[in-house]
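Observations on the three-dimensional arrangement
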Amino acid sequence: MAEYIRVNILDLIENFGEDKVKKAVSSFACEKNADVELFLKTNAIEFAKKKTSITYLVIRKEPVALVGYFTLMHKSIVVKPGPHLSSMLIRAIEKCAKLDETNRVYNVSAFLIAQFAKNSNIKDLEAHFGDKLMGYALNTLIEIRRNIGGRVVFLECEKNKTKLVNFYQKENNFFRIFGSRIDESGKTYLQLLRHF
C-alpha cells in the first residue's frame, strides 16, 4: 500500500519558495471539475498567504507525486432545522450555535472544506483514495479543533454530481444535506454538514 504525506502549502513555500510550489502544482489535473484545478493553480498560494484559506497537498512518497489536495477555511453558515437533519445532529449544532428566534435558524461557526480533489493525471491511485483524502482533511480539522475548538464541518457540492454527493454521505464520511444555494452562474450547490 502506498504511503502519503500531507503538507501545508505555506510550509512548502517557506522551505522551497513560491516558484517551485507553483511548478509542482502545475501538473495537477481534475478532469471532473475545472474550477477545482484552476483554484489550486491560480488562487491557493495567494489565499494561503493572506490566511483566507489554507491548502494542504497530499503527496505520495513512492513514486513521488502530488495525488490530491484539500483547502480549509472557517465560515459562518445558516442551518434551518427540519426533518432532513437527525435529532442527534441538531443537538450537536445546538451546543455550538445560536438560534435566531425570529427566523428559526441556527447561525453556526463552522469549518469549510472549500476544495477537495484527487489528481486525475495519476492513474495508479488505490481504489479508495478518496476515502484516504477525506481522512486527511478530517484529521487536519481534528488537529485544528484541538487548538481552537469547533464542532461542525461543511462542504458544498454541485447538485448534479450524484456520485460525489453519495461519496460525501456514505457511512464513514457522515455528511448530511442541510440546504442549497444557487451561485451567480445559476448552478445549484447542495450544502452538507457533519459534526465531529
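Above this text sits the structure in question.
In short, a report on the structure. Worth saying up front: this structure is predicted, and the values here are computed from it rather than measured. Counting of residues starts from 1 at the beginning of each chain's written sequence and follows it residue by residue. Given that the model is predicted, a residue must reach a pLDDT of at least 70 before its local features are reported, and side-chain atom pairs must reach 80 or more before they are shown or counted; all residues, however, enter totals for whole chains, interfaces and linings. Computation of side-chain values covers all heavy atoms of the structure but excludes hydrogens and water.

1. Quick word on the state of the cysteines
For clarity, the cut-off: Any two cysteine sulfur atoms within 2.5 Å of one another count as a disulfide.
Taken as a whole and judged by the stated rule, the model has zero disulfides. Here Cys-30 is not cross-linked by a disulfide; its sulfur's nearest cysteine counterpart is in Cys-157, at 11 Å.

2. Some words on the pattern of salt bridges
Working definition: two side chains of opposite charge can pair if their charged atoms are close together. For the record, the criterion: Salt bridges are defined as contacts in which a side-chain nitrogen from Lys or Arg sits within 4 Å of a carboxyl oxygen from Asp or Glu. Note on conventions: DSSP H or I runs of at least 4 residues are helices, E runs of at least 2 residues are strands, and numbering of each starts at the N terminus. Using a 1.4 Å probe on the protein chains alone, a residue whose accessible area is under 20% of its type maximum counts as buried, one over 50% counts as exposed, and one in between counts as partly exposed.
Within the structure shown, the criterion is met by 13 salt bridges. Residues Lys-61 and Glu-3 are paired through a salt bridge, measuring 3.7 Å at the closest nitrogen-oxygen approach. In this pair, Lys-61 is assigned in the loop between strand E2 (54-60) and strand E3 (65-79) and Glu-3 in the segment before strand E1 (4-8), connecting sequence segments 58 residues apart. Between Glu-143 and Arg-6 there is a salt bridge, and its shortest N-O distance comes to 3.3 Å. Residue Glu-143 is located in helix H6 (residues 129-148), and its partner Arg-6 is located in strand E1; the two are separated by 137 residues in the primary sequence. In this structure Glu-143 comes out as partly exposed when scored by relative accessible area, which is 43%. For Arg-6, a relative accessible area of 28% puts it in the partly exposed group.

3. A closer look at the side chain of Thr-55
Note the following rule: Identification of polar contacts relies on pairs of N or O atoms within 3.5 Å, with a donor-acceptor requirement for protein atoms, meaning one able to donate a hydrogen and the other able to accept it, and with residues adjacent in sequence counted only if both atoms are side-chain atoms. Note on definitions: a residue-residue contact is assigned when non-hydrogen atoms from the two residues lie within 4.5 Å.
Examined against the element boundaries, Thr-55 turns out to sit in strand E2. Judged by relative accessible area, which is 0%, Thr-55 ranks as buried. Side-chain polar atoms of Thr-55 contact the side chain of Thr-71, separated by 2.7 Å. Ignoring sequence-local partners within four residues, the contact set of Thr-55 consists of Val-7, Asn-8, Ile-9, Phe-39, Leu-40, Ala-44, Tyr-69, Phe-70 and Thr-71.

4. Considerations on the pairing of strand E4 (residues 97-100)
Worth spelling out the cut-off: Here, strands pair whenever DSSP counts at least two bridges between them.
In terms of strand pairing, E4 meets strand E5 (residues 105-118) through four bridges, oriented antiparallel. Each bridged residue has a counterpart across the sheet, and for Ala-97 the counterpart in E5 is Val-108. In textbook terms, the turn of a hairpin is the stretch between consecutive antiparallel strands, and for E4 and E5 this stretch comprises four residues, one of which, Arg-104, has a positive phi near 55 degrees.

5. With respect to helix H7 (residues 162-169)
As a reminder, the rule being used: In this description, the arc belongs to the directions extending from the helix axis to the C-beta atoms.
Every buried residue of H7 is accounted for by Val-165, Phe-167 and Tyr-168. Looking straight down H7, one finds its buried side chains confined to an arc of 155 degrees; they lie on one side. Its buried side turned inward, H7 meets E5, H6, strand E6 (152-158), strand E7 (176-182) and strand E8 (188-195).

6. Quick notes on the pairing of E5
Cut-off, in case you're wondering: Place the viewer so that the strands point away; then a crossover is right-handed whenever the path from the first strand over the helix to the second strand goes clockwise.
Of all 14 residues in E5, 10 are buried, a share of seventy percent or more. By the bridge criterion, 12 bridges tie E3 to E5 in an arrangement that is antiparallel. Bridging across to E5, Ile-77 finds its partner in Val-108. Between the parallel pair E5 and E6, the chain is carried across by H6, and the sense of this crossover is right-handed.

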